Amino acid sequence: MTSSATDLIEDLFTRTVERNPGEPEFHQALHEVLESLGPVLVAHPEFADSGVLERLVEPERQIMFRVPWVDDSGRVVVNRGFRVQFNSALGPFKGGLRFHPSVNLSIMKFLGFEQTFKNALTGQGIGGAKGGSDFDPHGRSDAEIMRFCQSFMTELYRHIGADTDVPAGDIGVGGREIGYLFGQYRRITNRHETGVLTGKGLGWGGAEVRTEATGYGAVFFMQEMLSTRSERLEGKTAIISGSGNVAIYAIEKLQQLGARPITASDSTGFVIDEQGIDLELLKEVKERSRERISAYANRRPGARFVASGRVWEVPGQIAIPAATQNELGPDDAAALVKNGVIAVAEGSNMSCTPDAVELFRQAKVLFAPGKAANAGGVAVSALEMAQNAAREHWSFEKSEARLKSIMVDIHSAALQAAERYEHPGDYVVGANSAAFLRVASAMLDQGLV
Ligand code: NDP
Ligand code: 2IT
């Protein structure tokens with residue numbers, strides 16, 4: 001790489017950190033992307049000349065708003081709502097909503113920035129955004145969830161639309177929440193505008209496979225990575241974290257393809273089940289009765305609940321973190337490597353810390369960043385938008401086949417870009433370079449906006 005490209009990147013990173021103080025997750029995501037773009041910038045000097053990078057790191061719009069609501073005891077609660085509309089060069093803003101007490105502007109910006117690149121990788125016409133609230137859904141009644149969603153949408157509705165910005169789910173936002181949000185949008189606007197949200201119910205505009213898409217997609221990506229080393233999923237022991245949407249459907253697809261997932265977790269601890277996770281029981285505990293993960297071990301002979309300890313210390317050949325950002329640090333990576341892990345695919349966004357990723361690199365572990373491995377969710381969201389626009393409803397089989405081919409394409413695009421930009425086999429550099437090229441080219445075509 002030439003020193004001018006390195007200088008440009010370092011200078012931009014320093015300036016961006018200075019003007020966005022106190023946003024560590026955003027800085028981390030920015031650093032990971034910028035540090036891999038050197039070779040692309042050398043090959044395409046036109047991007048530096050037109051200020052594309054400076055524009056890419058600044059969200060197009062950031063919205064923060066008050067969300068007042070009343071809990072079941074009659075008390076007024078005030079939460080903060082966010083929507084960071086990061087980049088719409090490739091299509092309407094698109095990305096999930098997260099309801100979790102940790103939500104703040106830094107987390108929204110990191111997720112919106114990542115989403116821009118992820119969505120570009122899918123090859124579809126979708127820009128990048130993220131939103132949510134510091135609302136904690138745990139332990140709240142259905143009525144409280146509904147009142148919160150209605151208040152949240154009462155502000156959000158004016159900022160979204162099928163051709164403007166299309167939210168979906170993320171942590172703490174699943175089918176139930178999307179239903180309440182859609183209901184309020186329809187009531188306020190007097191429009192049954194199916195294309196305004198994705199992840200809808202199957203009876204009112206939702207797409208087959210959207211629920212399963214992120215987990216299934218991560219497993220398809222894992223399958224592609226393994227095949228580059230003539231390895232197969234069959235017979236592999238898999239270590240999974242999380243027990244929400246992404247984890248559950250990663251486990252389902254792993255089992256269908258002959259692997260043996262043996263762990264699941266939540267914020268209280270993890271379970272280990274050497275016979276292989278009982279998927280029906282996990283769905284019962286997490287999707288239907290919304291209990292803590294220890295309830296799984298209580299009902300499953302032979303399974304153990306571990307309250308303090310790290311799921312990454314459980315031996316396995318493949319790993320899919322599927323809970324939250326920075327859930328896998330350097331000690332965890334070292335434990336996985338020591339136990340012989342051969343491939344890690346991020347189901348959660350930015351699951352691994354930079355030190356952990358570096359350890360995987362050194363140990364030649366196949367490593368897929370979230371923006372590539374978990375892109376299946378948003379990809380099927382874009383298929384949902386296409387079906388809504390055409391007033392169609394595709395079969396499960398057709399939708400799953402489309403998802404699979406999108407994941408195969410993302411894998412080969414990342415692999416080819418890694419090769420072209422001097423880091424063969426490095427999916428981080430490959431995914432960042434391929435995504436950057438697509439977004440940056442669109443921005444260049446569209447002039448200074
Ligand atoms: P869910 O809310 O369905 O599940 C989240 C799971 O992760 C729960 O088991 C939760 O445990 C655990 N978790 C969340 N935060 C923490 C934390 N701070 N510490 C420990 N455990 C935590 O969310 P999803 O499965 O949808 O999302 C999981 C990850 O996947 C997120 O990073 C999300 O951004 C990413 N993702 C999701 C997509 C989707 O389509 N849903 C698409 C692409 C990426 P607990 O209930 O105890 O908090
Ligand atoms: O992180 C993500 O890609 C998501 N939460 C899914 C976004 C979407 O619009 O389907």
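These figures come from a predicted structure and were not determined experimentally.

Here is what the cut-offs are and how they apply
Residues numbered from 1 in each chain as written. Chains lettered and ligands numbered in written order. Predicted model: local features only at pLDDT ≥ 70, side-chain atom pairs only at ≥ 80, totals over all residues. Heavy atoms only, no water. Helix = DSSP H or I, 4+ residues; strand = E, 2+ residues; numbered from the N terminus. Rg over C-alpha atoms; globule rule 2.2 N^0.38 Å. Buried < 20%, exposed > 50% of the residue type's maximum accessible area, 1.4 Å probe, protein only. Contact = heavy atoms within 4.5 Å. Areas by Shrake-Rupley, 256 points an atom, 1.4 Å probe, with all protein chains shown as cover. Lys, Arg positive; Asp, Glu negative; His and termini not counted. Charge placed at Lys NZ, Arg CZ, Asp CG, Glu CD. Pairing = 2+ DSSP bridges. Near = heavy atom within 4 Å. Polar contact = N/O pair within 3.5 Å; in protein donor to acceptor, adjacent residues only side chain to side chain. Nonpolar A, V, L, I, M, F, W, Y, C, P; charged D, E, K, R; others polar.

Caption draft 1: Layout of the overall build of the chain. Looking only at helices and strands, one finds 18 helices and 13 strands in the chain. In terms of overall dimensions, the chain is globule-like: its C-alpha atoms have a radius of gyration of 21 Å, near the 22 Å expected for 449 residues. Its C-alpha atoms give the chain principal-axis dimensions of about 60 × 55 × 45 Å. Looking at the chain as a whole, 58% of its 449 residues qualify as buried. Counting only contacts in the chain whose residues sit at least 6 apart along the sequence, the fraction spanning at least 24 positions is 72%. Accessible surface computed for the chain: about 17,500 Å², of which carbon and sulfur atoms make up 49%. Of the side chains in the chain, 46 bear a positive and 56 a negative charge, and the two mean positions are spaced by 5 Å.

Caption draft 2: Structural detail: the sheet that holds strand β11 (residues 318-320). An order of β7-β6-β11-β12-β13 is seen for the 5 strands of this open sheet, with the pairing classed as parallel. The sheet terminates laterally at β7 (260-261) and β13 (366-368), the two strands that pair on one side only. The pairing of strand β12 (residues 343-345) with β13 spans 3 bridges and is parallel. The residue bridging Val344 from the neighbouring strand is Phe367, located in β13.

Caption draft 3: Representation of unusual backbone geometry. Backbone geometry places Asn190, a non-glycine residue, at a positive phi of 60°. Here Asn190 is to be found in the loop between α8 (175-189) and α9 (210-227). Phi is positive for Met350, which is not a glycine, with a value near 55°. The topology assignment puts Met350 in the loop between β12 and α14 (354-362).

Caption draft 4: Representation of the site of ligand 2. Close to ligand 2 lie 14 residues, the nearest being Lys94, Lys118, Lys130, Asp170 and Ser381. Take Asp170: an N or O atom from its side chain is 2.9 Å from a nitrogen atom of ligand 2. Here an oxygen atom of ligand 2 and a side-chain polar atom of Ser381 are 2.6 Å apart. Burial of ligand 2 by the protein chains amounts to 95% of its free accessible area of 300 Å². Every element with two or more residues in the shell around ligand 2 is listed here: β3 (93-99), α6 (105-121) and α16 (376-390). Partitioning the shell around ligand 2 into residue classes produces 2 nonpolar, 7 polar and 5 charged.

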